[in-house]
Amino acid sequence: PISVTPDFAQDVTFTGAIAEDVANTYFYYAERDFVVDAVHAVTDTADNDMTVDIKKGASGTSILSSAITTDSADEIKVGTLSATENFVPAGTILHLEFANVNSATGVLVQMRIRTKRR
C-alpha cells in the first residue's frame, strides 16, 4: 500500500526545439497516482508572451493555476500549482502546451512529482 512505501520523488524534463505553438504534445504517462510538487520552465530567447502549460489529457484540465509566461531568456520561471488539480491519478497522460510562440526556439520544462499525498 502507498501508505507503507517510501515517498518517491522524481524530476521529469522536456527539452526541445519549438518554432510555433504546440498543443497537446505528450509529456508523461502516470502509471500510478502521484502529486505534482513543482513545475519550472525556461526558454533560450526572450519571448514576451509565450506560455507553457501542463494539462491532464489532450486539452484537459491544467495542473497549474495559470500557464507559465516565459518573458525573459534563460530566466527560470516557477509555475503556480492548482491546489485541486496537482493530483494526477494513475492512467492519466499529461500533455504540454506552448502558446503565443514568437521568438523562442528552445524550451526546457521540468516537473517534480511525488508518490505520496501529504
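Note: the structure precedes this text.
About the thresholds
- Residues numbered from 1 in each chain as written.
- Predicted model: local features only at pLDDT ≥ 70, side-chain atom pairs only at ≥ 80, totals over all residues.
- Heavy atoms only, no water.
- Helix = DSSP H or I, 4+ residues; strand = E, 2+ residues; numbered from the N terminus.
- Buried < 20%, exposed > 50% of the residue type's maximum accessible area, 1.4 Å probe, protein only.
- Contact = heavy atoms within 4.5 Å.
- Phe/Tyr/Trp six-rings, centres within 6.5 Å; stacked < 30°, edge-to-face > 60°.

What follows covers the environment of G60. By the element assignment, G60 lies in the loop between β4 (51-56) and β5 (61-62). Sequence separation of G60 and N24 is 36 residues, and the distance between their C-alpha atoms is 9.0 Å.

The next point concerns the environment of A58. Summarising the element assignment, A58 is placed in the loop between β4 and β5. On the basis of relative accessible area, A58 is assigned to the exposed category, the value being 53%. Each C-alpha atom, one on A58 and one on A23, is 8.1 Å from the other, the two residues being 35 residues apart in sequence. What A58 contacts, discounting residues up to four positions off in sequence, is N24 and H95.

Looking now at the packing of aromatic side chains. Taken as a whole, this structure holds two aromatic pairs when the rule is applied. Where F14 meets F98, the ring centres are 5.9 Å apart and the plane angle is 35°; that geometry is what we call tilted. Here F14 is found in strand β1 (residues 9-17), whereas its partner F98 is found in strand β9 (residues 93-99), with 84 residues between them in sequence. Measuring from centroid to centroid gives 5.6 Å for Y28 and F34, while their planes differ by 80°, and the two rings are edge-to-face. Note on accessibility: Y28 and F34 belong to one class, buried.

Note that all results are geometric; they support no functional claim without further evidence.
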